[in-house]
Amino acid sequence: MCEELGNDELMTAYVEEYGGTSQCSVDGETGCNDKEKAYIAKMKVKSVEELKAQQLRLLNMGTDKMKPELKSWINKRSKILKQLLSTPKTEL
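The structure contained in this document is the topic of the report that follows. Bear in mind that the values here come from a model prediction, so they are computed numbers and not experimental data. Numbering of residues starts from 1 in each chain and follows the order in which that chain's sequence is written. Confidence filtering applies because this is a predicted model: local features only for residues at pLDDT of at least 70, side-chain atom pairs given and counted only at 80 or more, and all residues used for totals across whole chains, interfaces and linings. With hydrogens and water excluded, all non-hydrogen atoms of the structure serve as input to the side-chain values.

This part is about the overall build of the protein. Note on conventions: DSSP H or I runs of at least 4 residues are helices, E runs of at least 2 residues are strands, and numbering of each starts at the N terminus. Counting its secondary structure elements, the protein contains four helices and zero strands. Burial here depends on accessible area, computed with a 1.4 Å probe over protein chains only, as a share of the maximum for the residue type. Under 20% is buried, over 50% is exposed, and the range in between is partly exposed. Sorting the 92 residues of the protein into buried and exposed places 22% on the buried side. In these tables, accessible area is a Shrake-Rupley quantity obtained with a 1.4 Å probe, and a residue counts as shielded only by the protein chains included in the view. Working note: accessible area of the protein is about 6,900 Å², and carbon and sulfur atoms make up 54% of it.

Only Phe, Tyr and Trp rings take part, Trp by its six-membered ring, and two of them pair if their centres are within 6.5 Å. Stacked means planes under 30 degrees apart, edge-to-face means over 60, and tilted covers everything else. Using the criterion set out here, one finds one aromatic pair in the structure. Its guanidinium or amino end placed over the ring of Trp 73, Lys 35 lies 4.5 Å from that ring's centre, counting from NZ or CZ. A ring is considered to have a charge above it if a Lys NZ or an Arg CZ atom is located within 6 Å of its centre and within 35 degrees of its normal. Just above the ring of Tyr 39 sits the side chain of Arg 77; from NZ or CZ to the centre is 6.0 Å.

Once that is clear, we can look at the nonpolar core. Among the nonpolar cores identified, the biggest contains 13 residues, and Tyr 39, Ile 40, Met 43, Ile 80, Leu 81 and Leu 84 are the most heavily contacted of them. For this core, the elements supplying multiple residues, two or more each, are helix H2 (34-44), helix H3 (48-61) and helix H4 (68-86). Element by element, the count of residues in this core is highest for H4, at five residues. Apart from the residues within four sequence positions on either side, Ile 40 is in contact with Cys 24, Val 26, Glu 29, Cys 32 and Ile 80. The definition of a nonpolar core used throughout is a set of buried Ala, Val, Leu, Ile, Met, Phe, Trp, Tyr and Cys residues joined through side-chain atoms within 4.5 Å. Note on contacts: a residue pair is in contact if any heavy atoms of the two residues lie within 4.5 Å.

Set out below in structure tokens:
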């Protein structure tokens, strides 16, 4: 599909990174792979404070040198956390 980026997965990652978008939605987990779904399930039970702490941790990690795959996973987790934080938590 795109010769410069090599394959569809790289093109999707490029568009998501530079467009600030994500195909993975925490509502219904549409467009999410198994790894993202597991992360969503793990983070949904956390408090807002814990989510914010995790978001800050990932932000600090994002400045380190790392393999592109790890950087991509950090970005995906950050986007998931952003979605979770924008969804109001209801008390039981």
